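Residues per chain are reported as follows:
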Amino acid sequence: MTQVTARREGGDYTLVMEGHATGSPQVCAGASSIASSLKNYLRNEKNVVVHQIVEGSGRFEARFSGAEAAEAAWKMAVIGLISLSKAAPEIVRVDVKIS
């Protein structure tokens, strides 16, 4: 099971992915691609402040802030992960909190 926690607090954004998409190489590849794309975008976008990016076996965490560029990147990743969870709810769970 991959548990995704996505948080938005004002202009601060967090995305944490924990666990493995065991049993589905396609879901694993999809989740990994979203995480990798977000990481690469954050490292190359001048209008985003990256506070932390952590990668490891079964774990990805990104904490960043900014205006439109940060919000767009966060939304893209969250929408992609929600799409994965709808396709494979037994493998991916997404918890989104906005405050």
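Look up: the structure comes first, before these words.
Residues numbered from 1 in each chain as written. Predicted model: local features only at pLDDT ≥ 70, side-chain atom pairs only at ≥ 80, totals over all residues. Heavy atoms only, no water.

*Asks:* Would you take a moment to explain the nonpolar core for this structure?
*Replies:* A general trend in soluble globular proteins is that nonpolar side chains are found buried together. Formed by 28 residues in total, the largest nonpolar core has its most connected members in Leu15, Leu38, Phe60, Phe64 and Leu81. For this core, the elements supplying multiple residues, two or more each, are strand E1 (2-9), strand E2 (12-19), helix H1 (25-44), strand E3 (48-56), strand E4 (59-66) and helix H2 (68-87). No other element matches H2, which puts 8 residues into this core. (Core = buried A, V, L, I, M, F, W, Y, C linked by side-chain atoms within 4.5 Å. Buried < 20%, exposed > 50% of the residue type's maximum accessible area, 1.4 Å probe, protein only. Helix = DSSP H or I, 4+ residues; strand = E, 2+ residues; numbered from the N terminus.)

*Asks:* Would you mind going over the side chain of serine 24 with me for this structure?
*Replies:* Mapped onto the elements, serine 24 comes out in the loop between E2 and H1. What makes serine 24 buried here is its relative accessible area of 10%. Within the structure, the side chain of serine 24 is placed 3.2 Å from the backbone nitrogen of valine 27, a separation counted as a polar contact. (Polar contact = N/O pair within 3.5 Å; in protein donor to acceptor, adjacent residues only side chain to side chain.)

*Asks:* Explanation requested: the sheet that holds strand E5 (residues 92-98) in the structure shown.
*Replies:* Each strand in a sheet pairs with another by means of backbone hydrogen bonds, the pair being arranged parallel or else antiparallel. Pairing is mixed across the open sheet formed by 5 strands, whose spatial order is E3-E4-E2-E1-E5. A strand with exactly one partner marks an edge of an open sheet, and here the two such strands are E3 and E5. Pairs of neighbouring strands in the sheet enclose a mean axial angle of 5°, with direction left out of account. Relative to E5, E1 runs parallel, the two sharing 7 bridges. (Pairing = 2+ DSSP bridges. Axes fitted to C-alpha atoms, helices over the stretch in contact; angles between N-to-C directions.)

*Asks:* What am I meant to see in the packing of aromatic side chains here?
*Replies:* Each aromatic ring pair is characterised by the separation of its centres together with the angle its planes make. With the rule as written, the count across this model stands at 2 aromatic pairs. Residues tyrosine 13 and tryptophan 74 carry aromatic rings whose centres are separated by 5.7 Å and whose planes lie at 50° to one another, so their mutual orientation is tilted. Of this pair, tyrosine 13 sits in strand E2 while tryptophan 74 sits in helix H2; the two residues are 61 residues apart in sequence, bridging distant segments of the chain. This pair shows no difference in class: tyrosine 13 is buried, exactly as tryptophan 74 is. (Phe/Tyr/Trp six-rings, centres within 6.5 Å; stacked < 30°, edge-to-face > 60°.)

*Asks:* What's the story with the packing of H1 against H2 in this structure? I'm lost.
*Replies:* The description of two helices packed together rests on the angle between their axes and the distance between the axes. Look at H1 against H2: their axes get within 10 Å of each other, and the N-to-C directions meet at 180°. It follows from the interaxial angle that H1 and H2 lie roughly antiparallel. Taken together, the residues of H2 that come into contact with H1 (itself represented by Val27, Gly30, Ala31, Ile34, Leu38 and Tyr41) are Ala69, Ala73, Ala77, Gly80, Leu81 and Leu84. A per-class count over the contact of H1 with H2 returns 10 nonpolar, 2 polar and no charged. (Parallel < 35°, antiparallel > 145°, perpendicular 65-115°, else oblique. Contact = heavy atoms within 4.5 Å. Nonpolar A, V, L, I, M, F, W, Y, C, P; charged D, E, K, R; others polar.)

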